[in-house]
Amino acid sequence: MSQYDEGHTFAGWIGTAVATVGCSALGAGICVTSASLLVGGFAVTVASVLVTWVLHLTGWGKPSGIRPRDQWGMRVRDLSAREGHPDCWGCRLAGRGRRTAEAPGVVVRASAGAVPGREAAAVSAGGEA
């Protein structure tokens, strides 16, 4: 059995179910030539992306990669979702994940070829020069 357990999440299954309904409505709209079914099916399909994203951000989706066996269950919530998953586009779109800003109070030392004014900004943020 795979150690990665990809796709076995509540967010993944709900998103797939909503997308299936949307695609079915789109297909029915094509078959019966109904503009309202086409628009409705497209709206439901777009909603499936948003539903999956919201569920992922609330902890019902899991990060990629190897996880311990006790976290494989679909009913197990991912408590690390608030900080964001590394290399996750959904988390990064929500402002989570990789942080590029430095933590307050971090000392930034000027080195050769440093940009003038950077050291002053670090000192004013609570760091020491």
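Residues numbered from 1 in each chain as written. Predicted model: local features only at pLDDT ≥ 70, side-chain atom pairs only at ≥ 80, totals over all residues. Heavy atoms only, no water.

S.K.: Looking at this model, I keep getting lost on the overall build of the protein chain. Mind explaining?
M.R.: When helices and strands are counted, the protein chain shows 4 helices and 0 strands. Walking the protein chain from its N terminus toward its C terminus, one meets helices and strands in the order α-α-α-α. Buried residues in the protein chain amount to 23% of all 129 residues. Sequence separation of at least 24 residues holds for 46% of the intrachain contacts in the protein chain that already meet a minimum separation of 6. Accessible surface computed for the protein chain: about 9,100 Å², of which carbon and sulfur atoms make up 65%. (Helix = DSSP H or I, 4+ residues; strand = E, 2+ residues; numbered from the N terminus. Buried < 20%, exposed > 50% of the residue type's maximum accessible area, 1.4 Å probe, protein only. Contact = heavy atoms within 4.5 Å. Areas by Shrake-Rupley, 256 points an atom, 1.4 Å probe, with all protein chains shown as cover.)

S.K.: Would you mind going over the side chain of His56 with me for this structure?
M.R.: Following the sequence through the fold, His56 ends up in helix α2 (residues 35–60). For His56, a relative accessible area of 13% puts it in the buried group. Ignoring anything within four residues of it in the chain, the contact list for His56 reads Ala11, Gly61, Lys62, Ala81, His85, Cys88 and Cys91.

S.K.: Which parts of the structure should I look at to understand the packing of helix α1 (residues 10–32) against α2?
M.R.: Two elements in contact, α1 and α2, have axes whose closest approach is 7 Å; the angle formed by their N-to-C orientations is 175°. Taken together, α1 and α2 sit at an angle that is classed as roughly antiparallel. Its residues assigned to classes, the contact of α1 with α2 comprises 19 nonpolar, 8 polar and no charged. (Axes fitted to C-alpha atoms, helices over the stretch in contact; angles between N-to-C directions. Parallel < 35°, antiparallel > 145°, perpendicular 65-115°, else oblique. Nonpolar A, V, L, I, M, F, W, Y, C, P; charged D, E, K, R; others polar.)

S.K.: Got a minute to help me understand a nonpolar patch on the surface in this structure?
M.R.: Taken together, the side chains of Phe10, Trp13, Ile14, Val51 and Met74 make up a nonpolar region of the molecular surface, amounting to roughly 410 Å² of accessible area. Ranked by the residues each element gives to the nonpolar patch, the list is headed by α1, at 3 residues. If you trace the backbone, Phe10 turns up in helix α1. (Patch = residues over 30% accessible without salt bridge, like charges linked within 9 Å, V, L, I, M, F, W, Y side chains within 5 Å. Salt bridge = Lys/Arg side-chain N within 4 Å of Asp/Glu carboxyl O.)

S.K.: How do you make sense of α2 when you look at a structure like this?
M.R.: Because an α-helix completes one turn every 3.6 residues, residues spaced three or four positions apart along the sequence face the same direction. The set of residues buried in α2 consists of Gly41, Thr45, Ser48, Leu55, His56, Leu57 and Gly59. Summarising the contacts, the buried residues of α2 are in contact with α1 and α3 (89–93).

S.K.: Honestly, the confidence of the model for the protein chain in this entry has me stumped. Any pointers?
M.R.: Low pLDDT means the predicted coordinates in that region are not meant to be read closely. On average, the protein chain scores 76 in pLDDT, and the residues at 70 or more come to 67%. When the elements of the protein chain are averaged for pLDDT, helix α4 (residues 118–124) gives the smallest value, 48, and α1 the largest, 95. The low-confidence segment residues 118–124 (pLDDT under 50) makes 6 contacts with residues lying over four places distant or belonging to another chain. (pLDDT = per-residue confidence, 0-100.)

S.K.: Even after reading the chapter, I still don't get α1, so can you show me in this structure?
M.R.: For α1, with 23 residues, the first-to-last C-alpha span of 33 Å sits near the 33 Å given by 1.5 Å per residue. Buried positions along α1 lie against α2. Following α1 by one or two positions, Thr33 adopts a phi angle in the positive range, close to 50°. (Expected span 1.5 Å × (residues − 1).)

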